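The residues making up each chain are set out below.
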Amino acid sequence: MSRKRRAEKRSIEVDPVYNSKLVTKTINKIMYDGKKSLAESIFYEAMDKIEEETGENPLDVFKEAINNTMPVLEIKSRRVGGANYQVPVEVSNDRRLTLGLRWIIDSSRQRGERRMVDRLASEIIDAYNERGGAVRTKEEIHRMAEANKAFAHYRW
């Protein structure tokens, strides 16, 4: 029997303003119901707000914020002999980026500010300064992985 070959990743266009694939991924992650122009305006306004508040290049702030939220380890459940173990595993680079983006956007959606632009900008600035919901999520995951490192030998 032959196995199916793994599908190749789809290529992503760069965005017109910052010329970055990372920005395109973020906009796609913000988007609801295919309303891409709304997601773009939210992201670009948030970037303007970040530049206004920090006085630094917003793309650099954004990249540093994502680096601060990307996890190194995560936990996967593994069933061994009738018991479930939380096994810490290293995270691939693609998944690290995906999780970092997801946590920043989810945390910004749960914030208290009125507009999504303000929420996203505040969450990115907080992540840049190593605080906020996304960084807290990362630290929780790392704490759980550290607590369960005794089960690391069940890695598969």
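Up top is the structure these notes are about.
Read on for a plain summary of the structure. Just so it is clear, the structure is predicted and the values come from calculations on it, not from any experiment.

Let us look at helix 5 (residues 116-128). Here helix 5 spans 18 Å end to end across 13 residues, near enough to the 18 Å set by a 1.5 Å rise per residue. With respect to burial, helix 5 is a largely interior element, twelve of its 13 residues being buried. Within the sequence span of helix 5, burial applies to Met116, Val117, Asp118, Arg119, Leu120, Ala121, Ser122, Glu123, Ile124, Ile125, Asp126 and Ala127. Buried-residue contacts for helix 5 involve helix 1 (21-30), helix 2 (36-54), helix 3 (58-69), helix 4 (93-109) and helix 6 (133-147). At the exit of helix 5 stands Glu130, carrying a positive phi of roughly 60°.

In this structure, Phe43, Phe62, Ile66, Leu120 and Ile124 are the most contacted members of the largest nonpolar core, which totals 34 residues. If you list the elements that add at least two residues to this core, you get helix 1, helix 2, helix 3, helix 4, helix 5 and helix 6. For Ile66, the contacting residues outside a window of four places in its chain are Leu22, Leu97, Leu101 and Ile104.

Turning next to the packing of helix 1 against helix 2. Viewed as axis vectors pointing N to C, helix 1 and helix 2 meet at an angle of 120°, and their least axial separation amounts to 8 Å. On the basis of the axis angle, helix 1 is oblique to helix 2. In terms of crossing hand, the pair formed by helix 1 and helix 2 is right-handed. Residues Val23, Thr26, Ile27, Asn28 and Ile30 of helix 1 form the contact with helix 2, whose own contacting residues are Lys36, Ala39, Glu40, Ile42, Phe43 and Tyr44. Residue classes in the contact of helix 1 with helix 2 are distributed as seven nonpolar, two polar and two charged.

Summed over all chains, the structure comprises ten salt bridges. One salt bridge connects Lys149 with Glu146, and the closest N-O pair in it is separated by 2.9 Å. A relative accessible area of 52% means that Lys149 is categorised as exposed. Taken together, the shared-partner salt bridges connect Arg111, Glu113, Glu123, Asp126 and Arg131 into one network.

This paragraph deals with the packing of aromatic side chains. Across all of its chains, the model carries four aromatic pairs by this definition. A centroid spacing of 6.1 Å and a plane angle of 35° characterise the contact between Tyr18 and Tyr44, whose relative ring orientation is tilted. Of this pair, Tyr18 sits in the segment before helix 1 while Tyr44 sits in helix 2, placing them 26 residues apart in sequence. The same class applies to Tyr18 and to Tyr44, which are both buried. Arranged with centres 4.8 Å apart and planes meeting at 40°, the rings of Tyr85 and Phe151 form a pair that is tilted. Within this pair, whereas Tyr85 is found in strand 2 (residues 83-90), its partner Phe151 is found in the segment after helix 6, the two being separated by 66 residues in sequence. Of the residues examined, Phe151 reaches a relative accessible area of 27% and is grouped as partly exposed. Taken together, the aromatic side chains of Tyr18, Phe43, Tyr44 and Phe62 make up a single cluster linked through ring pairs. For the cation-ring pair, Arg109 lies above Tyr32, with the distance from its terminal atom to the ring centre recorded as 4.4 Å.

Interhelical geometry of helix 4 versus helix 6 gives an angle of 125° and a closest axis separation of 8 Å. In terms of axis orientation, helix 4 runs oblique to helix 6. In this structure, helix 4 meets helix 6 at a crossing whose hand is right-handed. For the pair formed by helix 4 and helix 6, the contact residues are Trp103, Ile104 and Ser107 on the first element and Gly133, Ala134, Thr137, Lys138 and Ile141 on the second. Considering only residue class, the contact of helix 4 with helix 6 consists of four nonpolar, three polar and one charged.

Analysis parameters
- Residues numbered from 1 in each chain as written.
- Predicted model: local features only at pLDDT ≥ 70, side-chain atom pairs only at ≥ 80, totals over all residues.
- Heavy atoms only, no water.
- Helix = DSSP H or I, 4+ residues; strand = E, 2+ residues; numbered from the N terminus.
- Expected span 1.5 Å × (residues − 1).
- Buried < 20%, exposed > 50% of the residue type's maximum accessible area, 1.4 Å probe, protein only.
- Contact = heavy atoms within 4.5 Å.
- Core = buried A, V, L, I, M, F, W, Y, C linked by side-chain atoms within 4.5 Å.
- Axes fitted to C-alpha atoms, helices over the stretch in contact; angles between N-to-C directions.
- Parallel < 35°, antiparallel > 145°, perpendicular 65-115°, else oblique.
- Left-handed = near helix turned anticlockwise from the far one by under 90°.
- Nonpolar A, V, L, I, M, F, W, Y, C, P; charged D, E, K, R; others polar.
- Salt bridge = Lys/Arg side-chain N within 4 Å of Asp/Glu carboxyl O.
- Phe/Tyr/Trp six-rings, centres within 6.5 Å; stacked < 30°, edge-to-face > 60°.
- Lys NZ or Arg CZ within 6 Å of the ring centre and 35° of its normal.

Coordinates in, geometry out; function isn't part of it.
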